[in-house]
Structures are given as structure tokens and as C-alpha cells.
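# A closer look at the structure
Okay, here's what each chain looks like letter by letter:
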Protein chains: 2
Amino acid sequence: MKKIIEMIRMAKSAVILPHVSADGDALGSCAAVAELLSDMGIDSVIYAEERPEQRLSFISEKVKVYNGSEEVFDTCIALDCGDLERLGERRIFAEKAERVINIDHHKTNTFFGDGNYVDASAAATGEIIADLYDNIGAELSRSEALYLYTAICSDTGRFAYSNTTPKTMRTAAKLMETGIDHAEAARLLFDSEPLEIELLKAELTGNIRSYFGGKLRIVSATDAMAEKYGLDMEDVSDIVNIPRRICGTEIAAAIKETGGKIRVSFRSNGEADVSVIAMEFGGGGHAKAAGCTIDAENITEGEEMIVKVCGAMLL
Amino acid sequence: MKKIIEMIRMAKSAVILPHVSADGDALGSCAAVAELLSDMGIDSVIYAEERPEQRLSFISEKVKVYNGSEEVFDTCIALDCGDLERLGERRIFAEKAERVINIDHHKTNTFFGDGNYVDASAAATGEIIADLYDNIGAELSRSEALYLYTAICSDTGRFAYSNTTPKTMRTAAKLMETGIDHAEAARLLFDSEPLEIELLKAELTGNIRSYFGGKLRIVSATDAMAEKYGLDMEDVSDIVNIPRRICGTEIAAAIKETGGKIRVSFRSNGEADVSVIAMEFGGGGHAKAAGCTIDAENITEGEEMIVKVCGAMLL
């Protein structure tokens, strides 16, 4: 941390980079670091790969969308990026900078920076940035606290995922003490969905298939279904949560027919290790979350194959 | 708090009572107090008015459902109850007890006990019980911590509602330090819904009406719709959140045709004061949440009346 702070102090001009498809943690961390640098008298710019999600508009005011700019910054700060590939086109900034600072919480981080601060026990990169403020002795303004709260709340699913630690809660407590409207921040993150996405999810809910007394529940979606609501399949990445949140579900699966392929996501609510199921089809993952691409003609055939393998585990 | 602790120490036999339709906060607080009493060598029984929700089954193992029992306990501890009416039939225990202890966080509490500890700044009664443990100097076991975590997580919507304070977060941090599976507790509370409820909600989602460019969004449900899924209207109390969570919604309304009446719930996401709207129809509430019963023949007529009043506020 000390080395990172020294490197930041050497900066004359800095570019701050969230990962591609930037989420609340990446963008919130970037916005907080930009304000910290500004407090230290250092000019900086945040470049995102794409236009950020609508719900993060209060942060994205501070964010430029990368347009091929050939600017050169002496310092490049990558936040919440596990490796250089996560910078996409903006990797060029890292290549041209005198020093690259890599601050992240992903276990798989490749330590690609000249200075690396990687803490896999942190629930969010925002939690590490809050530590950075502490270590520098910088005071948190209300807007900085709001950025960091958004970062942490986003990556912890409102402090509910298993990555949330007592330290996460205490960090959030400090942020809340600045008087931020934390309830509104949480609402924007988790209770502010486009109507089209809710309509597609409602259609999928109405079409949940239950097997083995509800221990296995499956939904499926096709590119055509997404299109019907004016959506890309990318917009509805989390549909496996639809069967997952039904009580009694032990294994949830979402089958997507997209780009001519049959992709499956699995989640386990209980004892079942879904990485074993995904591996049967050449995929992988963790005990609680795994995925694979299935060699099937269509969703119906893919579903039959999944039911067979899951049944062997559940019965 | 001191007086309350003295009163608890005098108990030889205690009955612990959550409010009618007990929720996670009421039941979690009761279970934690029962264990605390047990640690102090005091026998106790928890009586609920009705069988608790399925999702709280790990707590309800400890809870008896009131069956008209005429037992007498010297000490009656009411938890999370704003007034004696919230005890329902079990009020008899309070009437017969030598001392009634009232611990609660509702602003409207009537101080009905012989000893009252009411802290309206606490997000949950569970937060007060955690203080009680501290004040008594009792160590929290993992099961006690899980009960209190459930209580607090439940009443704060996963630490996301505006009632959540820095103190709430720090209390939760302490509970988490005992090594509880907090993510599983949060999942049971918020991501474990009966399929029938999700199906009804999906039908309502598919039928959201948007007015004034989406600033006003309305859903409606009838007893017959609920019955179709084998549900009572009571089971789906929170349907106003369906239009509320769509982005762009400033006012959300849920119209229920139930028991021959047209009832409406309003929520505001923004500046609109929905209590003003509810008052137009003889109802009331707060700026962000209000309700009324409308004198209309049916949902269609009720909706027309609502749209007219809301339009005057939104346009």
C-alpha cells in the first residue's frame, strides 16, 4: 500500500481505467480515486470502454467513453481489473504510461502493474480504495463516500453475498456516517430495472420447468425472445436467479440459445456441486456456480441431457 | 436498559411474544432472548399467534403456536410489538403476568409494559437485543448471532432501507464475526419464494400499466387472481414493488380488489408526496408510502380516478 501511495504521489497526469463492461464496483472505485487525486492536486481522466449502465448515471457524469484517443498519461491506474485483457482497447494507455498501478480484489489477478495492490479478501475494490483513503489520511467527502458505497453495495448484493465480511460492514458504516442517501443508492443498484427486462423475466418465470419435486428448476431463453423485448441476451445475464430464488430449488439452470450455441449456467442452493455437472459437458466453475456449452441441437435436447445428469445427483 | 435487565433477572418463568403475523425481526429477537434467558438459567417459552412462515423454519423450531393455553408465567416479554393489540389472543399472558417487559423499535409504541425499552432509532428490535447482550455482558453463541442477524437483515431489507444506520452495520459486523453463514440467512429471507407467488407476480408484471411516460405505473390484482395460484391476497402484500422497481417510475400504485373493496397502495421513488394522493381518497400515510380504500365499482374505475389525481401532481 505504501509503495502504491508513493507511486500515486509521483503522478503528474493520470488515466483511471475500470474493466470492460464496467459495473458499480469498477466505476465507483474509479470516481473515488479521481476525486482523491484531485484533492492531491493531480489531474486525471476516467476512460470506460463503453457507455456505463443507465442506473450508474450519477457516476458516469465523471466518465469519458474511450474513442480511440491517443493521449499519453504518465500514470495509468487500473481498478477492479484481473488482467490486462480486462482493459480492452484502453490497454494502450497502460503500454504508454511510465507507471501502471493495479488495484484489485480478484483472486486471479495477474499482477500486471508496476505497482500491484491485490487483496482477495476484500469484498470489492471499493473496500480497498476506502483503505487507501485511510492510509493517505484523506478525508472522505460525501460524494466520495457515495461512490465507494455504490462500489461495495454493488459487489456484495447489498451486503448479502458470502464475500461480505465484518470489515466490509464497518467500512460501509464509515461511509454512511458522511450522511449519504445510502437507501437511494441501493435502490438505483438493485430496484431500478428497465421495463423490458422485467417483462422478459416475467415470461421466463411463467415458463419455469420443475423436476424431481422442484429440486431442479430450469428456465431457457433464446436470442429471438430477447429481441422480442428489444434486448440483447447480454442484458439479461442473471436469468439463472429466476429458478434459483424459488424455495425448494437445489439446482437452478438457465439454458440460453444464443449465437447458434446452447449455453448453460448452473447454481446450487444446497449440497450439490454444480461444477461436477458442468464438467460432464466440458465446462467448469465452482461448487455453487458453474457453466458449460452443450453439444445439443436445441434447448429441448439440451434440457433432456441436463435433467439426466442432475437427476443422477439429486435422486 | 438497566431496569429491564433487573426485571429479567427476577423472572422464574417467562413467556416471550412476537407480534401477530410475526416476521424475521420479531421471531429472531424472540429466539435470541429465549437463548439468553436459558444462559441465565431462566425457563421460557415463545408463543406465536400463527404458524411462522416457511422461510423462517430454522427459528420456528423454537416457537410454539398459541393454542388457547392457560399457562401462567411470572414474566411476559413482548418483542417488536407497538401496542397490546399486536399480541392478539396472547394478550392474556400479559394480563396474568407479574411483570410485562416491552422491548421495541416502533416510534408509535404505547409503553404498555411495566418496563419499556423503546428505541425508535434502532433499525430492528434485533439491534436492541444485541445491545441487551452487550449490557448483560453475555457472549453471543453462533446460533444467537444467526437469530439476531436474521432479525436485523429482515427489517432492513439486507441493510438497504433508510432505517439502516452505521450502528446497524457495526452490530451486524459483530454478529458475523461469530462465523454464521450470513449469506444463506439472507438468501432464505429474500431469495426463497414459493413458485406460486413468483407466478402471480410474473402475471402482474406482464400487466403493468404505464402513464405519463412511465412516471406513474400501476398493477392490479383481484382475489380471483390470487386464488388461481392457490394464494390469499395476504400472501402477496408487496405487489406495489413490482411497478416501483421499474426505472423511471416516480409513483407506483397497486390496486387490490379484495373482499369486495378497492384498496390502493402508493409508493414514491422521487419528489412526489403520495400521502397527499391517498388523502384525496380519505386515506393516509407518509410521503414515500401511503394507502387508501377507493369508492369505485371496479379496478378500471378506480384506476381512472388514481390516474387523474396522480396526473395533476406529475404533469
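Scroll up for the structure.
Here's what I pulled together on the structure shown here. (Residues numbered from 1 in each chain as written. Chains lettered and ligands numbered in written order. Predicted model: local features only at pLDDT ≥ 70, side-chain atom pairs only at ≥ 80, totals over all residues. Heavy atoms only, no water.)

The next point concerns the pattern of salt bridges. Evaluation of the coordinates by the stated rule reveals 36 salt bridges over all chains. Put simply, Arg91 of chain B and Glu95 of chain B hold a salt bridge, and the shortest N to O gap is 3.2 Å. Residue Arg91 of chain B and its partner Glu95 of chain B are both found in helix α4 (residues 91-96); the two are separated by four residues, about one turn of the helix. Here Glu95 of chain B falls in the exposed class, since its relative accessible area comes to 56%. Notably, a salt bridge pairs Lys201 of chain B with Asp238 of chain B, separated by 3.5 Å at the nearest N-O pair. Highlighted residues: Lys201 of chain B in helix α9 (residues 195-205) and Asp238 of chain B in the loop between α10 (223-228) and α11 (241-244), separated in sequence by 37 residues. Exposure remark for Asp238 of chain B: the relative accessible area of 32% places this residue in the partly exposed category. Among the ionic contacts, a cluster of salt bridges with common partners joins Arg158, Asp191 and Glu198 of chain A together with Arg245 of chain B. (Salt bridge = Lys/Arg side-chain N within 4 Å of Asp/Glu carboxyl O. Helix = DSSP H or I, 4+ residues; strand = E, 2+ residues; numbered from the N terminus. Buried < 20%, exposed > 50% of the residue type's maximum accessible area, 1.4 Å probe, protein only.)

Let's shift gears to the environment of Thr125 of chain B. Residue and element names in this part refer to chain B. Position of Thr125 relative to the elements: it lies in helix α5 (residues 125-136). On the basis of relative accessible area, Thr125 is assigned to the buried category, the value being 0%. Between the alpha carbons of Thr125 and Met233 there is a distance of 27 Å; along the sequence they are 108 residues apart.

Below, the discussion takes up the interface of chain A and chain B. Of the residues lining the interface, 41 residues belong to chain A; the matching set on chain B comes to 41 residues. Regarding the contact of chain A and chain B, the summed buried area is about 3,500 Å², with carbon and sulfur atoms giving 59% of it. The tally of links from chain A across to chain B stands at six salt bridges. Close ionic contact of Arg170 of chain B with Glu177 of chain A constitutes a salt bridge, the shortest N to O distance being 2.8 Å. Linking chain A with chain B are 16 residue pairs in polar contact (both at pLDDT 80 or more). (Contact = heavy atoms within 4.5 Å. Buried area = accessible area lost by both parts, 1.4 Å probe. Polar contact = N/O pair within 3.5 Å; in protein donor to acceptor, adjacent residues only side chain to side chain.)

Bringing a negative patch on the surface into the picture now. A surface patch of like charges, here negative, comprises Glu227, Asp232, Glu234 and Asp235 of chain A. By the element assignment, Asp232 of chain A lies in the loop between α10 (223-228) and α11 (241-244). (Patch = residues over 30% accessible without salt bridge, like charges linked within 9 Å, V, L, I, M, F, W, Y side chains within 5 Å. Areas by Shrake-Rupley, 256 points an atom, 1.4 Å probe, with all protein chains shown as cover. Lys, Arg positive; Asp, Glu negative; His and termini not counted. Charge placed at Lys NZ, Arg CZ, Asp CG, Glu CD.)

Moving on, we get to helix α2 (residues 24-39) of chain A. Residue and element names in this part refer to chain A. With 16 residues, α2 should reach 22 Å at 1.5 Å per residue; the first-to-last C-alpha distance of 22 Å fits that figure. Across the 16 residues that make up α2, a large majority, 14, are buried. Phi turns positive one or two residues past the end of α2, at Gly41, with a value near 80 degrees. (Expected span 1.5 Å × (residues − 1).)

This part takes up unusual backbone geometry. Residue and element names in this part refer to chain B. A positive phi angle, close to 50 degrees, is found at Ser21, a residue other than glycine. With respect to the helices, strands and loops of the structure, Ser21 is situated in the loop between β1 (13-18) and α2 (24-39). Among the residues examined, Ser21 registers a relative accessible area of 52% and is labelled exposed. Not every positive phi belongs to a glycine, and Arg158 is a case in point at roughly 65 degrees. By the element assignment, Arg158 lies in the loop between α6 (142-156) and α7 (166-176).

To summarise the sheet geometry, strands pair through backbone hydrogen bonds and adopt either a parallel or an antiparallel arrangement. Residue and element names in this part refer to chain A. With mixed pairing, six strands are arranged side by side in an open sheet as β7-β8-β9-β10-β12-β11. A strand with exactly one partner marks an edge of an open sheet, and here the two such strands are β7 (209-211) and β11 (284-285). Examined bridge by bridge, strand β10 (residues 261-268) and strand β12 (residues 289-294) share six bridges and lie antiparallel to one another. Of the residues in β12, the one forming a bridge with Val264 is Cys292. (Pairing = 2+ DSSP bridges.)

For the rest of this paragraph, the subject is the packing of helix α9 (residues 195-205) of chain A against α9 of chain B. Think of two packed helices as two axes; the pair is described by the angle between the axes and how far apart they sit. Running from amino to carboxyl end, α9 of chain A crosses α9 of chain B at an angle of 140 degrees, the nearest separation of the two axes being 8 Å. The angle between α9 of chain A and α9 of chain B falls in the class oblique. Between α9 of chain A and α9 of chain B lies a crossing whose hand is left-handed. Contact residues: Glu198, Leu199, Ala202 and Thr205 of chain A in α9 of chain A; Glu198, Leu199, Ala202 and Thr205 of chain B in α9 of chain B. A breakdown of the residues in the contact of α9 of chain A with α9 of chain B according to their chemical character gives four nonpolar, two polar and two charged. (Axes fitted to C-alpha atoms, helices over the stretch in contact; angles between N-to-C directions. Parallel < 35°, antiparallel > 145°, perpendicular 65-115°, else oblique. Left-handed = near helix turned anticlockwise from the far one by under 90°. Nonpolar A, V, L, I, M, F, W, Y, C, P; charged D, E, K, R; others polar.)

On to the nonpolar core. Residues Ile129 and Phe159 of chain A together with Ile129 and Phe159 of chain B are the most contacted members of the largest nonpolar core, which totals 106 residues. Once residues within four sequence positions are removed from consideration, Phe159 of chain A is found in contact with Tyr149, Ile152, Cys153, Thr164, Thr168, Met169 and Ala172 of chain A together with Tyr149, Arg158, Phe159 and Met169 of chain B. (Core = buried A, V, L, I, M, F, W, Y, C linked by side-chain atoms within 4.5 Å.)

Taken as a whole and judged by the stated rule, the model has zero disulfides over all chains. The structure places no disulfide on Cys247 of chain B, whose sulfur is separated from the nearest cysteine sulfur, that of Cys153 of chain A, by 17 Å. Looking at Cys247 of chain B, the relative accessible area reads 28%, which means it is partly exposed. With no disulfide of its own, Cys310 of chain B lies 9.4 Å from the sulfur of Cys292 of chain B, the closest cysteine sulfur. Under the relative-accessibility criterion, Cys310 of chain B is labelled buried at 0%. (Disulfide = S-S within 2.5 Å.)

In screw terms, the move from chain A to chain B is a rotation of 180 degrees and a rise of 0.0 Å along the axis, fitting with an RMSD of 0.1 Å. The operation mapping one copy onto its partner corresponds to a two-fold rotation axis. Identified as the residue of chain A closest to the rotation axis by C-alpha distance is Ala202 of chain A, at 2.2 Å. Mapped onto chain B, 100% of the interface residues of chain A are again interface residues, and the two copies thus contact each other with one and the same surface. (Least-squares fit on C-alpha atoms with pLDDT ≥ 70 in both.)

Turning our eyes to something else, we now look at the packing of aromatic side chains. Taken as a whole, this structure holds twelve aromatic pairs over all chains when the rule is applied. Aromatic pair Tyr47 of chain B and Tyr66 of chain B: ring centres 5.9 Å apart, planes at 85 degrees, arrangement edge-to-face. Placement of the pair is Tyr47 of chain B in strand β2 (residues 43-48) and Tyr66 of chain B in the loop between β3 (63-65) and β4 (75-79), with a sequence separation of 19 residues. Accessibility assignment for this pair places Tyr47 of chain B and Tyr66 of chain B in one class, buried. Between the aromatic rings of Tyr66 of chain B and Phe93 of chain B, the centroid separation amounts to 5.5 Å while the plane-to-plane angle is 75 degrees, which identifies the pairing as edge-to-face. Linking Tyr66 of chain B in the loop between β3 and β4 with Phe93 of chain B in helix α4, this pair joins segments that are 27 residues apart in sequence. An identical accessibility class is assigned to Tyr66 of chain B and Phe93 of chain B; each is buried. Clustering of aromatic rings is evident, with ring pairs tying together Tyr47, Tyr66, Phe73 and Phe93 of chain A. (Phe/Tyr/Trp six-rings, centres within 6.5 Å; stacked < 30°, edge-to-face > 60°.)

Attention shifts here to the sheet that holds strand β9 (residues 251-258) of chain B. All names here are of chain B. Judged by pairing direction, the sheet is mixed, and its six strands sit side by side in the order β7-β8-β9-β10-β12-β11 without closing on themselves. Every interior strand has two partners, whereas the edge strands, β7 (209-211) and β11 (284-285), have only one. In terms of strand pairing, β7 meets strand β8 (residues 216-222) through three bridges, oriented antiparallel. Considered in β8, the bridge of Tyr211 is made with Leu216.

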